[in-house]
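Given next are the chains, with one letter for each unit.
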Amino acid sequence: MKRLSTGCILLACVCWSFSGLLTRLIPWNALTIAGARALVAAAFLGLARRDFRPANTFGNWLGAFGVMATSVLFILANKYTSAANAIVLQYAMPVVVILFEAVVRKKRPSKLDAVGVVVILAGVVLCFLEGLTPEGMLGNALALGAAFTFAIVYLAARRPDCDALSYSYQGNLATAVLALYLPFDPGASAEATPFLAALGMGVALTLGYLFFSLGMKRGVPPVTAAIVSNIEPILNPTWCFLFLGEFPGVLSIVGALIVLTAVTAYTILSLPRASRS
């Protein structure tokens, strides 16, 4: 059960990892892109729920806010900094989760959690230093903001009044309103490629949230999910390099390798602990 639920989180992040690449293929305004992909995702997630009505609980709307804010901040960050920086800085998120658990819930992190976060944060810092330029600072700040809102997505899933599939739907439904700007977007045109890329982003987003909701429903602790999910900042810039030739830089590569190693080690070492709990 633990392996299956962790695998669902990993699959979710594989799906989400294509967002950076697909964003590069769309010349639209960042808010338009966020709205268009959310419109597709909201339609599919509503069908998956078999209900298009929002679930009106505080937990679901809290999670929906996290989904909406993270989506918008991430797309904006991709417009101002590299795909590698945008996604890796967002994944400072495990630190936010563990601090919340420690300060608000008075839950002391285990040595494994603490070491995992420190190592991951070291990798994140290296990636941050690679793109530390004046023109990229806004993008870096937006990506760091997404780390906080992304933590809300994980933490909300553990609330008793919250369903991950429902708040994923509601968050995308709220974000879809931004697609109304498309007719006024100066970057929009009748070319097929941007629309196909936006459709692909919506499908990837949908599959990611379906796997995510399944994994969280099976009881993955938020800290475990947060750390395991760091596979996404490895894959996101990899796709941009393979398909667009966007080289992330030596420090980013070293940082990414550190994160990947930490995620793999944490996943393996946490399984026996989880099976005993």
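Right above here is the structure, for reference.
Participant: Help me out: how do you make sense of the overall build of the chain in this one?
Facilitator: Secondary structure summary: the chain contains 13 helices and 0 strands in total. Mapped in sequence order, the helices and strands of the chain form the string α-α-α-α-α-α-α-α-α-α-α-α-α. The C-alpha radius of gyration computed for the chain amounts to 18 Å, which stays within 12% of the reference 19 Å derived for 277 residues, consistent with globular compactness. Expressed along its principal axes, the backbone C-alpha trace of the chain runs to roughly 55 × 45 × 30 Å. Classification of the 277 residues of the chain by burial places 53% in the buried group.

Participant: Mind showing me how you'd approach the nonpolar core here?
Facilitator: For soluble globular proteins, the rule of thumb is that nonpolar side chains tend to be buried together. W16, M93, Y154, Y167, F212 and M216 are the most contacted members of the largest nonpolar core, which has 75 residues in total. Counting residues per element, this core draws most heavily on helix 8 (residues 137-156), at 10 residues.

Participant: When you look at the packing of helix 3 (residues 30-49) against helix 10 (residues 192-217) in this model, what are you seeing that I'm missing?
Facilitator: If you want to describe how two helices pack, look at the angle between their axes and the distance between the axes. Two elements in contact, helix 3 and helix 10, have axes whose closest approach is 8 Å; the angle formed by their N-to-C orientations is 45 degrees. In this view, helix 3 runs oblique relative to helix 10, as classed from their interaxial angle. With respect to the hand of their crossing, helix 3 and helix 10 are arranged in right-handed fashion. For the pair helix 3 and helix 10, the contacting residues are I33, A36, R37, V40, A41, F44, L45 and A48 in the first and A198, L199, M201, G202, V203, L205, T206, Y209 and L210 in the second. When grouped by side-chain class, the residues that make up the contact of helix 3 with helix 10 number 14 nonpolar, 2 polar and 1 charged.

Participant: What exactly am I supposed to notice about helix 12 (residues 232-244) here?
Facilitator: When the terminal C-alpha atoms of helix 12 are compared, their 18 Å separation across 13 residues agrees well with the 18 Å that a helix rising 1.5 Å per residue should span. Those residues of helix 12 that fall on the buried side of the exposure criterion are E232, P233, I234, L235, N236, P237, W239 and C240.

Participant: Looking at this structure, how should I read the environment of A102?
Facilitator: Tracing the backbone through its elements, the reader meets A102 in helix 6 (residues 93-103). For A102, a relative accessible area of 31% puts it in the partly exposed group. Along the chain, A102 and I120 lie 18 residues apart, while their C-alpha atoms are 18 Å from each other. Look past the residues within four positions of A102 in its chain and what remains in contact with it is K107 and P109.

Participant: Before we go on, may I ask you to explain the pattern of salt bridges in this structure?
Facilitator: Opposite charge on two side chains makes pairing possible when the charged atoms of those side chains draw close. Taken as a whole and assessed by the stated rule, the structure comprises 4 salt bridges. A salt bridge links R105 to E101; the shortest N-O distance between them is 3.0 Å. The class of E101 is buried, set by a relative accessible area of 5%.

Participant: Sorry, what's going on with the packing of helix 3 against helix 4 (residues 58-80) here?
Facilitator: Contact pair helix 3 / helix 4: the axes reach a minimum separation of 9 Å and the direction vectors enclose 135 degrees. Considering the angle they form, helix 3 stands oblique to helix 4. Taken as a pair, helix 3 and helix 4 cross one another with a handedness that is right-handed. Across the interface between the two elements, A30, L31, I33, A34 and R37 from helix 3 touch S71, V72, I75, L76 and K79 from helix 4. For the contact of helix 3 with helix 4, the residue count by class is 7 nonpolar, 1 polar and 2 charged.

Participant: I tried to follow a nonpolar patch on the surface on my own but got confused; where do I start?
Facilitator: A grouping of L25, F241, L242, F243, L244, F247, V250, I253, V254 and L257 is seen on the molecular surface, where their side chains present a nonpolar patch of about 950 Å² in accessible area. Those elements giving two or more residues to the nonpolar patch turn out to be helix 12 and helix 13 (250-276). Mapped onto the elements, L25 comes out in the loop between helix 2 (19-24) and helix 3.

Participant: Can you help me understand the packing of aromatic side chains in this one?
Facilitator: Each aromatic ring pair is described using two quantities: the centre-to-centre distance and the angle formed by the ring planes. Enumeration according to the criterion identifies 10 aromatic pairs in this entry. When the ring of W16 is compared with that of F212, the centres are 5.8 Å apart and the planes differ by 45 degrees; the resulting orientation is tilted. Remark: F212 occurs in helix 10 and W16 occurs in helix 1 (residues 2-16); sequence separation between them is 196 residues. The two residues W16 and F212 agree in class, both being buried. Ring centres of Y209 and F212 lie 6.5 Å apart, and the angle between their planes is 85 degrees; this geometry places the pair in the edge-to-face category. Separated by 3 residues within a single helix, Y209 and F212 lie in helix 10, roughly one turn from each other. Under the relative-accessibility criterion, Y209 is labelled buried at 6%.

Calculation rules
Residues numbered from 1 in each chain as written. Predicted model: local features only at pLDDT ≥ 70, side-chain atom pairs only at ≥ 80, totals over all residues. Heavy atoms only, no water. Helix = DSSP H or I, 4+ residues; strand = E, 2+ residues; numbered from the N terminus. Rg over C-alpha atoms; globule rule 2.2 N^0.38 Å. Buried < 20%, exposed > 50% of the residue type's maximum accessible area, 1.4 Å probe, protein only. Core = buried A, V, L, I, M, F, W, Y, C linked by side-chain atoms within 4.5 Å. Axes fitted to C-alpha atoms, helices over the stretch in contact; angles between N-to-C directions. Parallel < 35°, antiparallel > 145°, perpendicular 65-115°, else oblique. Left-handed = near helix turned anticlockwise from the far one by under 90°. Contact = heavy atoms within 4.5 Å. Nonpolar A, V, L, I, M, F, W, Y, C, P; charged D, E, K, R; others polar. Expected span 1.5 Å × (residues − 1). Salt bridge = Lys/Arg side-chain N within 4 Å of Asp/Glu carboxyl O. Patch = residues over 30% accessible without salt bridge, like charges linked within 9 Å, V, L, I, M, F, W, Y side chains within 5 Å. Areas by Shrake-Rupley, 256 points an atom, 1.4 Å probe, with all protein chains shown as cover. Phe/Tyr/Trp six-rings, centres within 6.5 Å; stacked < 30°, edge-to-face > 60°.

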